There are 6 protein chains.
Amino acid sequence: MRVVTFGELLMRFSTPENLRFSQAKSYDVYIGGAEANIAIYLSQLQNDVRYITVVPDNELGKTALNELHQWKVNTDMVKSQGQKMGLYFLEKGASARGGNIIYDREGSSFSQIDEFTFDWDQILEGADWFHWTGITPALSKGAASACKSAIDAAKKRNIPISCDLNYRSKLWKYGVDPKEIMPQLIENCSVVIANEHDVVNYLGISPQNKDYKEVKGFGMRCYEFVSKAMAGQFPNIQYVISTLRETINASQNRWSGILFNGTDFIQGDVHEIDSIVDRVGGGDSFMAAFIHGKLHFNEDKKVLDFALEASAKKLSIQGDYYILDND
Amino acid sequence: MRVVTFGELLMRFSTPENLRFSQAKSYDVYIGGAEANIAIYLSQLQNDVRYITVVPDNELGKTALNELHQWKVNTDMVKSQGQKMGLYFLEKGASARGGNIIYDREGSSFSQIDEFTFDWDQILEGADWFHWTGITPALSKGAASACKSAIDAAKKRNIPISCDLNYRSKLWKYGVDPKEIMPQLIENCSVVIANEHDVVNYLGISPQNKDYKEVKGFGMRCYEFVSKAMAGQFPNIQYVISTLRETINASQNRWSGILFNGTDFIQGDVHEIDSIVDRVGGGDSFMAAFIHGKLHFNEDKKVLDFALEASAKKLSIQGDYYILDND
Amino acid sequence: MRVVTFGELLMRFSTPENLRFSQAKSYDVYIGGAEANIAIYLSQLQNDVRYITVVPDNELGKTALNELHQWKVNTDMVKSQGQKMGLYFLEKGASARGGNIIYDREGSSFSQIDEFTFDWDQILEGADWFHWTGITPALSKGAASACKSAIDAAKKRNIPISCDLNYRSKLWKYGVDPKEIMPQLIENCSVVIANEHDVVNYLGISPQNKDYKEVKGFGMRCYEFVSKAMAGQFPNIQYVISTLRETINASQNRWSGILFNGTDFIQGDVHEIDSIVDRVGGGDSFMAAFIHGKLHFNEDKKVLDFALEASAKKLSIQGDYYILDND
Amino acid sequence: MRVVTFGELLMRFSTPENLRFSQAKSYDVYIGGAEANIAIYLSQLQNDVRYITVVPDNELGKTALNELHQWKVNTDMVKSQGQKMGLYFLEKGASARGGNIIYDREGSSFSQIDEFTFDWDQILEGADWFHWTGITPALSKGAASACKSAIDAAKKRNIPISCDLNYRSKLWKYGVDPKEIMPQLIENCSVVIANEHDVVNYLGISPQNKDYKEVKGFGMRCYEFVSKAMAGQFPNIQYVISTLRETINASQNRWSGILFNGTDFIQGDVHEIDSIVDRVGGGDSFMAAFIHGKLHFNEDKKVLDFALEASAKKLSIQGDYYILDND
Amino acid sequence: MRVVTFGELLMRFSTPENLRFSQAKSYDVYIGGAEANIAIYLSQLQNDVRYITVVPDNELGKTALNELHQWKVNTDMVKSQGQKMGLYFLEKGASARGGNIIYDREGSSFSQIDEFTFDWDQILEGADWFHWTGITPALSKGAASACKSAIDAAKKRNIPISCDLNYRSKLWKYGVDPKEIMPQLIENCSVVIANEHDVVNYLGISPQNKDYKEVKGFGMRCYEFVSKAMAGQFPNIQYVISTLRETINASQNRWSGILFNGTDFIQGDVHEIDSIVDRVGGGDSFMAAFIHGKLHFNEDKKVLDFALEASAKKLSIQGDYYILDND
Amino acid sequence: MRVVTFGELLMRFSTPENLRFSQAKSYDVYIGGAEANIAIYLSQLQNDVRYITVVPDNELGKTALNELHQWKVNTDMVKSQGQKMGLYFLEKGASARGGNIIYDREGSSFSQIDEFTFDWDQILEGADWFHWTGITPALSKGAASACKSAIDAAKKRNIPISCDLNYRSKLWKYGVDPKEIMPQLIENCSVVIANEHDVVNYLGISPQNKDYKEVKGFGMRCYEFVSKAMAGQFPNIQYVISTLRETINASQNRWSGILFNGTDFIQGDVHEIDSIVDRVGGGDSFMAAFIHGKLHFNEDKKVLDFALEASAKKLSIQGDYYILDND
């Protein structure tokens, strides 16, 4: 099946072996970004994946694209222009100490896109799925416009659209209120990953105390409120997914997820994860596996559990994306 | 005491720091092989150890032998001939992801031995113990013949013989049924480590449901069946040892073992092992310590617990063999 | 606030990635020493810290001082003389295997100090706190004399004095009984960290069975006996601190502490610490945070818990000292 | 332009930082093989490159293919079968010490191919060039047959064929005389890289003293004899290329080449190369650039000098293949 | 003597061991920037050095400042504000391949300074020298204004001012012509390093063919033209320095310099430099040593040769700045 | 042939990849010491080598001995006692920067030996050669006594004795004049490596201007004076060897040597050595090869050239001793 994902490609610098930034004399380099992570995993699952982004026209941009080629992701429609690679710096957590992330992506080549950067009709030709995330419209006005164009083109072709809503307070710095932008983008999606921050910031609705209830092993959660708010406002949405993560310490997490299919709430398997290798990309691995599941076997509980297992296994892999265990 | 061990020396390439094969730009090199691991540990315990193998006549062969010299294992009877080093590639497990092993030992210098390669009378001169494993006859017809010669020579001299039966389905590719080879080799052994796969594949006997019973912390086990099958068929066997390993995840194991001395079943201490550094060689460390125990203090429970402790501690050591903590 | 700490600066060589000494082809280099660790952390907490030591007059000495400069510790009064850097070699524990430490500090430049080496009046000018440890008088007769001079000068100026008594049987090799030296040094301290080994070896008093009682999660302890022995003998002491550490395995510890303020015993929070990165310096981080707490907010329970949290978090940091998490 | 190359993909393990095999505790991993090196460079030069090989059906095979994907080489027609990856071990030379290479490729998945393994008509569809080397028929009878099939299919389609004749005495172990195999393979080639060893071993003709003459900076050479022998015997050959390499020491080489176009001998630029980073693949970089030159600008002297420059620059790159300097 | 330097602090990421960007899985981290490099070397020479910059208010900024503290450079007047660290990526040259540098400093915290950012009267209190470079006004209009303020304040106090004019075509992107900015900044300098690019771009004067003459070992040079143009236009200038660098290959350079003191041209020693370790910062080491020479021994030829030797020796040091060889 | 060598075993810590001490966060560990280096090379040349030393009774001592075992050097007579390993710290030179060495061997386990530490009659049983160096008597009075005992025992058995006289001004700190010690030790030697410092410091004779003459490529040398002074004073000496080394820069040396056999001066081959990997141990490799040559083929010019080639090749090897190139 052909899947198109769209978003910023990032280069990550992380300190080796539990070192703090101030201690490291070298940083390990990884290539990632939510939508690229999803593209890479879907390609490993034998889907025909096209990834859309802009990288700077220099050796860093080329190096980043090489990583996608390695996994046979199609980058023919990627633009190489501008001079700035999106970067982030990561100090992984360890023991009683949490992780630390520093973004350096403002003014990146990608953030300078607009509605005319890509020819979405050509890009979406033959596509069976389109995926984007809430990170992209948070980067710049032009990036939000590019999302709109992409979603409109996908909608026109009746291509299923998924979105990890993923509100991040550190972004959205360009002077608009997410509530003015996001609803028209979410409107045409059929699958969303959402949590209460998304509802609050994108829809302006806040859960009340009564909206929370205990989920065993995960404390007080308001996934019903979130799911119904989303599904209520956007009739095109077929699935609202709530991921559940409980951090015991930097090396130990409990993960699960709940899916609302418009009728039922289906809880997935619970994974107790010890000795975490790298937390980054767990959610992206979930999303990729969910898309794959929907395209290939399409039974709610089975799809959800497949996605949760991918998500749990990702945490055993260094870097931003999951590497399939073929053997 | 003088101990002789015999088997293939292997060079291991393992990916560093939790990386998958596809991520690693360098592989760590270790020297191992079940019988070499045992030789090295026994030498550290101040035994006079002679190791018998064939290595290729090149720098890899020399490098591998250097490792044994480092631990003062005698390699004077080792042959350097042929061109191919036995290799294996290891991706250690981590968190929710299991390990992955790839062998590249077919056609190795060692696998081309036969009954005329070694002068066993000279080799076993003055020996107090001889050890081999079920891996060697699985490699080639000639290797099986060499085992036969060695065992016969040891038997003739009344040297105690131990064997880790260790059936591996990935080997035995040279066109004979293990059942035609192994019984005549096991026949003269006095100590064997055995499990149900060994009984099934070497003796052609399968445990039934009734043969399994719960071992606390280790689930359903059939060690009584295995032990009695072995001891019943081979009157020379004095000890049948069943090791118990329960994998909680890639970093956490529970280990123990049960010994059958022809009369009683003696259960050893249970070790809860966290934060495993390297799983390889845990069984070899057990075997080496068991041999040492038998040669030096010889009380069943004490020997078994000494072996289990060595086995548990090995898992804290990088590489294939145990390094004694002298201080 | 201005704090002065005094003691030997050490260079540490530790084997990388769980390797044993006999396996490592490179050793990681860290700079530490109890009093330097405390200086560095207090400087990060925005105190004005002066560190007093002697380093050899060579590149190793300069390299070690650079580390203190990096954290803005004042070293203007440090002497560079002699030729020998104090060293220690560390093999960290892992899984079922404990750590291993080898000191090479005998005859070091620092150990050759005496009461004339430093001008304590100049050093203590404007100081709000002075800290030393029981390691220094254990190194040489001259080092003990230097401690005496320092403490007398601090006392004269009414500067609060703290000491981690820290009896170590491997030191005290220069032919005096600690009981002849330590009481006159402890006498003028206002804060001490003490345990039963300190009481036995410095005061010659031994706890009896009845002096031990169960501390939940930490087994039988005699902190009341220790605290009262210290406070009873030395009226200047305002706080006797007992740290509690329970080693579950090399990666898992339980830490807490109890403070005696002359009136009450106050137990601090209990920290369950998993996936320990580096055990060294946990106690020094505690001491530094305690001093900071006393100087800045001074409420017993709050100071103790602040110190325990610093101590627990230190174990997540590579190297000998804590690096504050500013972000 | 579309180019097809065919040959064995190799995994290389080389010791880091001038270490001898016996010193290295890790080996750096590179992917190479003459024909893959050429494929990767031609792809970087924006040709549409298809690479044909067999890799084992395991993670090592997948890892090796990933490297080709990274550079956008098409591997759709590669077969994954068998269990053995072709390997080689490399100790680079340094100062007065030469390099050392150990092959471990006997019995590899690739060596087990035969004339039925590949569908050459499909593979060569639309191809503008086909490249193979003398290494492939040297591996096994089946590999020689596969070469024959490929060359015949290319000839049938009038696709230009190039070959680096590259006689290696360590290969050709399977019991045939190269003179029985090679002439019929060379016969249909239009471009060959040849030297006197190729003439002696493939054609059975030996140069006499009179056939050697001084080439300035390169000593006595017999390139005229070689070129005329080749061109004389095989009328389809349009170019015989003689590369010239003079080793001053392990870090310093002089490189050039001479081309015979049937009429003239054209000498290329001479490159003095200092501080060599990695000697492997210099000839492959030459061959790739030569093919590119013939396909794109086709003037003998210009093509030759372009190829020589690529060759010289390769020696500044770690690993087996050239990485184009785009900036 | 007290020296103040002012400019952007940069974090450098360079590929290890001759790797290309596309090959490296980790990048080595160094801290540098022309003016910081000078500050660090002058501090090692026992000057009292104050460094003025802006770093982002995050862990990268703190890490960068730590490097200056390590060398006892005073950073009390540094501002921590904004979010973006100035970065550059470096691929060192090797053998026949030149180096490659990618800047990522646009929009950095430093580039957002203006004439009100620093209190220059306070900063220059007691200063004996002030140093800036042509890189700073090239970054932004505000940065140029900050330079102007600094220079005016220094002039007012009669503090000698030096500048490495250092025109870079990749900078000056903010929409002004350097000729409108630089003359008024150069006007008050007493020492400048200048070359023909500076004259062309800052003064609008171009050398003619007749202005070039052969400098032995360095080809055709126009240093007389440059020096006289500078000294002619700006009467405050006492020294115009022309550095001479001849690149033989990436590992071998020839370096020298010529000083014009208003009367004479004095040529410095010529250094033949082999096996270069790191080319970055050679000029900064020259500048620092020149300033030190002027402040401490002040004889033209001696100062020049001292500076050239520092410059040559820097190329043997990893990283951006010189580390004095004390022993 | 059986060779005995005697001296201190050292652990070396050297900074990786051209780093200065102040930059390195890890130090590479090597095992060496002049006499151990000789033992290891002679063992590789298939001699039966016994090495005599004292190592501390801890893991560092064991680790150091393992290195000798690796090369099959017999250490059965080595003593493990005391607590201090002899150490040295090395910063290799690079480009225009020379190397830097810091010793930390004072008070080492070895330096505490005396004439009763070893049973020389047992040690020298069956020996064909005994080797010591001038470093040992320079360490302590006891070490000088131990040398005396060893030499006397060897003399008594008519075993040829060689010595690298190797005067080092940094040693001889224990309060005696070398002239009181060395003559009686040299007296019984048959082969010495000597230079003018040895003659001056051991014999109290200084060369005059007239004693120097030009040696082509090596400047002014006084080897005739040295040789005749040595041979004149000590009639047992059969060979005085003068090594010639000319340092062009840290990476480039010219090496040769001249032998005086009592009659003739024989000059060896001159080696131009580029791209030096590690300078340490070049002289030891020379000495070892000279001993081997004398024992096995014994023709002056041939022995000298064999030794010079080993010496030149050593400089291409990391670490303290030569590793034979077997392939």
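For the structure, check the block above.
Residues numbered from 1 in each chain as written. Chains lettered and ligands numbered in written order. Predicted model: local features only at pLDDT ≥ 70, side-chain atom pairs only at ≥ 80, totals over all residues. Heavy atoms only, no water.

This brings us to the overall build of chain A. Counting secondary structure elements, chain A contains nine helices and 17 strands. A compact globule built from 327 residues should have a C-alpha radius of gyration of about 20 Å, and chain A, at 19 Å, falls within 12% of that. When the backbone C-alpha atoms are referred to their principal axes, chain A occupies close to 50 × 50 × 45 Å. Sorting the 327 residues of chain A into buried and exposed places 65% on the buried side. Sequence separation of 24 or more characterises 70% of the internal contacts of chain A that already satisfy a separation of 6 or more. Approximately 11300 Å² of chain A is accessible, and the part contributed by carbon and sulfur atoms is 44%. Counting 34 positive and 42 negative side-chain charges, chain A places the centres of these two groups 2 Å from one another. (Helix = DSSP H or I, 4+ residues; strand = E, 2+ residues; numbered from the N terminus. Rg over C-alpha atoms; globule rule 2.2 N^0.38 Å. Buried < 20%, exposed > 50% of the residue type's maximum accessible area, 1.4 Å probe, protein only. Contact = heavy atoms within 4.5 Å. Areas by Shrake-Rupley, 256 points an atom, 1.4 Å probe, with all protein chains shown as cover. Lys, Arg positive; Asp, Glu negative; His and termini not counted. Charge placed at Lys NZ, Arg CZ, Asp CG, Glu CD.)

Further remarks concern the interface of chain A and chain E. Counting from both sides, the interface comprises 23 residues of chain A and, opposite them, 23 residues of chain E. Carbon and sulfur atoms make up 59% of the area that chain A and chain E hide from each other, which totals about 2000 Å². Looking only at chain A, the three residues that lose the most surface to chain E are Y27, E59 and L60 of chain A, adding up to 24% of its buried area. For the salt bridge of R20 of chain A with E59 of chain E, the shortest nitrogen-to-oxygen distance reads 3.8 Å. Summed over the shared surface of chain A and chain E, the result is seven residue pairs in polar contact (both at pLDDT 80 or more). (Buried area = accessible area lost by both parts, 1.4 Å probe. Salt bridge = Lys/Arg side-chain N within 4 Å of Asp/Glu carboxyl O. Polar contact = N/O pair within 3.5 Å; in protein donor to acceptor, adjacent residues only side chain to side chain.)

The subject of this paragraph is the relation of the copies chain A and chain E. Of the two same-sequence chains, chain A is brought onto chain E (RMSD 0.0 Å, axial shift 0.0 Å) by a rotation of 180°. Viewed as a symmetry operation, the transformation between the two copies matches a two-fold axis. Among all C-alpha atoms of chain A, that of Y27 of chain A lies closest to the rotation axis, at 2.8 Å. A high fraction, 100%, of the interface residues of chain A reappear at the interface in chain E, so the copies pair face to face through one surface. (Least-squares fit on C-alpha atoms with pLDDT ≥ 70 in both.)

In this section: the interface of chain E and chain C. Contacts between the two partners involve 13 residues from chain E and, on the opposite side, 13 residues from chain C. Taken together, the two surfaces of chain E and chain C that pack against each other cover about 1100 Å², and 39% of this comes from carbon and sulfur. Here chain E and chain C share two salt bridges between them. With its nearest N and O atoms 3.4 Å apart, the salt bridge here joins K72 of chain E to D76 of chain C. Where chain E touches chain C, the interface holds four residue pairs in polar contact (both at pLDDT 80 or more). For the side of chain E that touches chain C, the per-class residue count stands at two nonpolar, six polar and five charged. (Nonpolar A, V, L, I, M, F, W, Y, C, P; charged D, E, K, R; others polar.)

In this section: helix 6 (residues 196-203) of chain C. All names here are of chain C. Taken residue by residue, helix 6 has D198, V199, N201, Y202 and L203 as its buried positions. On its buried side, helix 6 packs onto helix 5 (178-186), strand 11 (191-193) and helix 7 (223-233). At the C-terminal side of helix 6, G204 shows a positive phi close to 75°.

The next subject is the packing of aromatic side chains. Residues and elements named next belong to chain A. Tallying each qualifying case throughout the model produces 129 aromatic pairs over all chains. With centroids separated by 6.2 Å and ring planes inclined at 20°, the aromatic side chains of F286 and F290 adopt a geometry described as stacked. Here F286 pairs with F290, and both are found in helix 8 (residues 282-296), just four residues apart, close to one helical turn. For the residue pair F286 and F290, the accessibility class agrees, reading buried in each case. (Phe/Tyr/Trp six-rings, centres within 6.5 Å; stacked < 30°, edge-to-face > 60°.)

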